[in-house]
Amino acid sequence: MTDTRQRPLRVLAAMSGGVDSAVAAARAAEAGHDVTGVHLALSANPQSFRTGARGCCTVEDSRDARRAADVIGIPFYVWDLAERFREDVVEDFVAEYEAGRTPNPCLRCNEKIKFAALLDKALALGFDAVCTGHYATVVVREDGRRELHRASDEAKDQSYVLGVLDARQLAHALFPLGDTLTTKDEIRAEAERRGLAVAKKPDSHDICFIADGDTQGFLAKRLGRAEGDIVDESGARLGTHDGAYGFTIGQRKGLRIGHPAPDGKPRYVLDISPVDNTVTVGPAEALEVSALTAVRPRWCGTAPSGPGTYTAQLRAHGGETEVSAELVGGELRVAFTEPVRGVAPGQAIVLYDGTRVVGSATIAATTRRPGTVTA
C-alpha cells in the first residue's frame, strides 16, 4: 500500500506554484493528513529566473502557491533556500559542464534541496513527511520496508529524477499523484473542481534557473569564451568552438563544421576534453556504448550484493534497457545487453527491478568499442 493510506501524518507539502504540487497537497489534506504548504524561494532575485508560467522560482509562482494553499485551507510559508540552491545546484551545474560532463540539475535539486535541506528542516520542526507533486509511488511492504516504484501511469512517471533518494529520505516521502491512472488533463480537471486557479497554468519546461532556456549562453556568461578545436577521430582539425562546455555527448546540431564528412553522413559529438579544450566528433555508430562505470551510488533501500540483472534508464524521458550491474569497490560497473548511444559522463543511470527503483549513480566513464574508454 502507499503512504497516503497510512496513519495521519504531519506533512510539509512543497508547493512550486504549479498544478501538480497543488493537487498533491490537496489530496494529502483530503486523506486526513495535517498539511502545511511551503514554497521554496530558490533565487535571491526571483525575477532573474523564469518569468510567467515557463518555469518556477518566480514571484508569480509563490503567489500562485499561496492562493492554492488558501483554497485548500492549509497554512502556508515561503522558505528562503536561495543560497543552498545556488551552491548545490547552480554552481554544481556550471562546474560539471566546465569539467566536460553533462549534469541533470533536477536530480541534484531533489537530492540536495527537496529531500535534504527541506526534509531536514521539516523533521527538525516535527513534520513526519515531505509531500511533492512527482509522479512516483512509495510502496510499504508487510515488514515495513518502503520501496520507490514507477508511477501507475508510466507515461507520466518521474521516478528517474527521484532515483537519488536514499532509504532515510524515502521513509519521509509522500507522492499523492503516483498511484492513480489519470491523464494530465484529468489532473487539471481535478484542480478546477477543487477551485485551484493553477488548473490551466502551463507546465514548466527546461531548466528553471536559466531564464531564456539558452543553456550555452548561460554557461558562456559564467565561464567566458574559450576558443578551441573541433577534431575528428584521427585528430584532424575540422573547425573551432567558443567553449567546450557548450557541447554534450551525442550532440548533432550547432557543430559549426564547414565541410561534410567523407561519407556524407552527419557527425556527432563523441568526446569533450576540458584539458585541451577539444571537442571530438564522428559518426553515429561511434556513439555506441557497451559498458560504463558510475560513481556516488545511492540506493533506495539496501545496497545490492553481487552482480545482478536490471533494466536501466539513462535520461528523464528515455526508455529502459537491459543491463547487468555490480558494485565493485564503491563504483557501479554496468554492462549493456545491447549497445546504447549518446551516454554522457555526468548523467545519472537509474536501475530498476521491474517497477521498483533500486538506486542510481553518476556516470563517470563509458566504454564504446573494445578498448575505447571515455571520461
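In this text the structure is predicted, and so the values were computed from the model without any measurement. The numbers attached to residues start from 1 for each chain and follow its sequence in the written order. Restriction of local features to residues with pLDDT of at least 70 applies here, the model being predicted, together with a cutoff of 80 or more for giving and counting side-chain atom pairs; totals for whole chains, interfaces and linings are based on all residues. Side-chain metrics in this entry use all non-hydrogen atoms of the structure; hydrogen atoms and water are not considered.

S.K.: An account of the sheet that holds strand 2 (residues 34-41) is needed here, citing residue identities and associated values.
M.R.: With parallel pairing, 5 strands are arranged side by side in an open sheet as 3-2-1-4-7. Two strands in the sheet have a free side with no partner beyond their single neighbour: strand 3 (76-80) and strand 7 (173-174). Two strands pair under a simple rule: DSSP has to find at least two bridges between them. Secondary structure elements are defined from DSSP: runs of H or I of at least 4 residues count as helices, runs of E of at least 2 residues count as strands, and each element is numbered from the N terminus. Where strand 1 (residues 10-14) meets strand 4 (residues 129-131), 3 bridges bridge the pair, whose relative direction is parallel. Across the sheet, Val11 pairs through a bridge with Ala129, a residue of strand 4. Contacts: residue pairs with any heavy atoms within 4.5 Å of one another. Comment: axis = line fitted to C-alpha atoms, over the contacting stretch for helices; angle = value between 0 and 180 degrees taken between N-to-C directions. Contacting strand 2 and strand 3, helix 2 (residues 59-72) runs over the sheet at an angle of about 150° to strand 3. Its contacts with the sheet put helix 4 (residues 105-124) on strand 1, strand 2, strand 3, strand 4 and strand 7, and the angle it makes with strand 4 is roughly 135°.

S.K.: Account for helix 2, with residues named and values stated.
M.R.: Expected span of a helix: the number of residues minus one, times 1.5 Å. Here helix 2 is 14 residues long and its end C-alpha atoms lie 20 Å apart, about the 20 Å a rise of 1.5 Å per residue gives. Residues of helix 2 that are buried in the fold lie against helix 1 (19-30), strand 2 and strand 3. Count one or two residues on from helix 2 and you reach Gly73, which has phi positive near 90°.

S.K.: Give a description of the side chain of Asp157 that names residues and reports values.
M.R.: Tracing the sequence through the fold places Asp157 in the loop between strand 6 (146-150) and helix 5 (167-170). Relative accessibility decides the category of a residue: with a 1.4 Å probe and only protein chains considered, values under 20% of the type maximum give buried, values over 50% give exposed, and everything between is partly exposed. Look at Asp157 and you get buried, because its relative accessible area is 12%. Polar contacts, as counted here, are pairs of nitrogen or oxygen atoms within 3.5 Å of one another; within protein the pair requires one atom able to donate a hydrogen and one able to accept it, and residues that are adjacent in sequence qualify only if both atoms are side-chain atoms. Polar side-chain contacts of Asp157 include one of 2.6 Å to the side chain of Arg150. Discounting chain neighbours no more than four positions away, the residues touching Asp157 are Tyr135, Arg150, Ala151 and Tyr352.

S.K.: Any details on the UniProt feature "site: Interaction with tRNA" (unreviewed entry) in the chain? Residues and values, ideally.
M.R.: UniProt positions are given in the numbering used here, feature names are shortened, and annotations may be inferred rather than shown by experiment. Under the UniProt annotation, the feature "site: Interaction with tRNA" (unreviewed entry) is placed at His134 and Gln347. Note on placement: His134 falls in the loop between strand 4 and strand 5 (136-140). Among the polar contacts made by the side chain of His134, one reaches the side chain of Thr132 at a distance of 2.7 Å. With respect to the element layout, Gln347 can be found in the loop between strand 15 (331-340) and strand 16 (348-353). Beyond its immediate stretch of four places on either side in the chain, Gln347 contacts Thr102, Leu314, Arg315, Gly342, Ala361, Thr362 and Ile363.

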